[in-house]
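Architecture at a glance
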Amino acid sequence: LAFTADTNQLYLPTSPSNNIINHTYYSLSYNDSLLATEWVAYEITTASAFGGVSRSNSFKEDPELPNIALKSSYAKSGYDRGHLCPAGSMAFNDTAMKESFFMTNMSPQVPGFNRGIWKKLEAQVRSWGYENQQVIVVTGPVLTSFIDTIGTIPVPQYFYKVIIDITPPELKGLGFI
């Protein structure tokens, strides 16, 4: 179920910053100048959609980019550390859950958005992954419009999610902003 080199080559978008980081179960593009993740890509399958690993809430630095968006940056900011690759979609094993809490997988989100419509969309996407056998998801902040900053970390006004069903007989896709 690992996010393989073949999967990366076929389905990952380009990286505007040319800084792609591949973790075991997802990949991301990080923009050093904005101190923000541009996108995160992962897959959901029938086998992985509804795992039993408990949410860890153990936010930590990404070993590939230490000292980026430290969890202390969010303290008393009023913003959530919003997952781009959701912990709920990584509940199929301990490594996936652990990696989902790397700070490079977080983007500041308004709490009502993160805990409301975004959470509902994440759950719906897991259902689609289960029902359609395998979907690729690319998600991230729109890095052209910000509502605030946390220190030097921009707080995006918008987020997007693109879902691609790659199960034959037909390729289908759906996008949200």
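The coordinates are above.
Before going further, it helps to examine the packing of aromatic side chains. The geometry of two aromatic rings is summed up by the distance between their centres and the angle between their planes. Applying the stated criterion across every chain yields a total of 7 aromatic pairs. When the ring of Phe113 is compared with that of Phe159, the centres are 5.6 Å apart and the planes differ by 20°; the resulting orientation is stacked. Here Phe159 lies in strand E9 (residues 159-165) and Phe113 lies in helix H3 (residues 111-114), a separation of 46 residues in the sequence. Its relative accessible area of 5% is what places Phe159 among the buried residues. Centre to centre, the rings of Trp128 and Phe176 are 6.4 Å apart; their planes meet at 15°, and the pair counts as stacked. Of the two residues, Trp128 is situated in helix H4 (residues 117-131) and Phe176 in strand E10 (residues 172-176); the sequence distance between them amounts to 48 residues. Pairwise contacts between aromatic rings join Phe113, Trp118 and Phe159 into one cluster. Taking the ring centre of Phe59 as reference, the NZ or CZ of Arg81 above it sits at 3.8 Å.

So, about empty space enclosed by the protein. In the structure shown here, the tally under the stated rule is 1 cavity of 30 Å³ or more. Considered as a void within the structure, the largest cavity measures approximately 90 Å³ in volume. Secondary structure elements with two or more residues in the lining of the largest cavity: strand E3 (36-45), strand E5 (106-109) and strand E8 (153-156). For the lining of the largest cavity, the per-class residue count stands at 14 nonpolar, 3 polar and no charged.

Quick notes on the rules
- Residues numbered from 1 in each chain as written.
- Predicted model: local features only at pLDDT ≥ 70, side-chain atom pairs only at ≥ 80, totals over all residues.
- Heavy atoms only, no water.
- Phe/Tyr/Trp six-rings, centres within 6.5 Å; stacked < 30°, edge-to-face > 60°.
- Helix = DSSP H or I, 4+ residues; strand = E, 2+ residues; numbered from the N terminus.
- Buried < 20%, exposed > 50% of the residue type's maximum accessible area, 1.4 Å probe, protein only.
- Lys NZ or Arg CZ within 6 Å of the ring centre and 35° of its normal.
- 1 Å grid on protein atoms, 1.4 Å probe; cavity = no way out; pocket = protein on both sides within 12 Å on 5 of 7 lines; lining within 4 Å.
- Points joined across faces, edges and corners; volume = space filled by probe spheres on them.
- Nonpolar A, V, L, I, M, F, W, Y, C, P; charged D, E, K, R; others polar.

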